[in-house]
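Fold and geometry: a report
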Amino acid sequence: FLVSGEIDLEIKIIEGLERISEIFRIQLWRESLKYQLNPTQSLVLLSLQKHTRLTQKDLQNMISIDKTTLSKSLKTLEQKTLIERIVDQKDQRKKYIHLTPKGKKIAKELKDFYKIFLPVLKKTNLSNEDLFEFIYNFIYNSYKLKFIEY
């Protein structure tokens, strides 16, 4: 993992971030399969656990997927009775997506899969504050530069 210069180091950092993302995706796949879900469906459940008043458009922006993929995922989650759509009392055209009790249980279990990474984080020799600051700034600047939205 030795590098010869500043550019090489920057490339290695980007490649490392990509690998971390891949590790999370693989682990999310593994965890999702335990509940006969795909990662998109799991991300929907996790998003709904964190934010209780979301429309389909909100979810689409939050997890950055196309409308058709999200619609299919929502339909499947409804069929599995993990989510329900609630019509807004003030605007009948607007529907909010909520977790059912069954969906809340699975979302909680899915959320806990991240805990497997805690021992890895402890071995980085970085404080939690330093790690958080790096991650926060990376995400904040990605929004600011319009790489991602929401």
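Here we summarise the structure given alongside this text.

Definitions and cut-offs
- Residues numbered from 1 in each chain as written.
- Predicted model: local features only at pLDDT ≥ 70, side-chain atom pairs only at ≥ 80, totals over all residues.
- Heavy atoms only, no water.
- Phe/Tyr/Trp six-rings, centres within 6.5 Å; stacked < 30°, edge-to-face > 60°.
- Buried < 20%, exposed > 50% of the residue type's maximum accessible area, 1.4 Å probe, protein only.
- Helix = DSSP H or I, 4+ residues; strand = E, 2+ residues; numbered from the N terminus.
- Lys NZ or Arg CZ within 6 Å of the ring centre and 35° of its normal.

Attention now moves to the packing of aromatic side chains. The tally for this structure, following the rule as stated, stands at seven aromatic pairs. Between Phe-113 and Tyr-114 the ring centres are 4.3 Å apart and the planes differ by 35°, which places this aromatic pair in the tilted class. Of the residues examined, Phe-113 reaches a relative accessible area of 4% and is grouped as buried. Relative accessible area serves as the criterion here: at 34%, Tyr-114 is assigned to the partly exposed category. Note on Phe-132 and Tyr-136: the rings are 5.9 Å apart at their centroids and 25° apart in plane angle, and the pair reads as stacked. Of this pair, Phe-132 and Tyr-136 both sit in helix H7 (residues 128-144), four residues apart, which is roughly one turn of the helix. Its relative accessible area of 56% is what places Phe-132 among the exposed residues. With relative accessibility at 46%, the residue Tyr-136 sits in the partly exposed group. What links up through ring pairs into an aromatic cluster is the set Phe-24, Phe-113, Tyr-114 and Phe-117. When the ring centre of Tyr-96 is taken as reference, the NZ or CZ atom of Arg-53 above it lies at 4.0 Å.

Geometry only, nothing functional implied.
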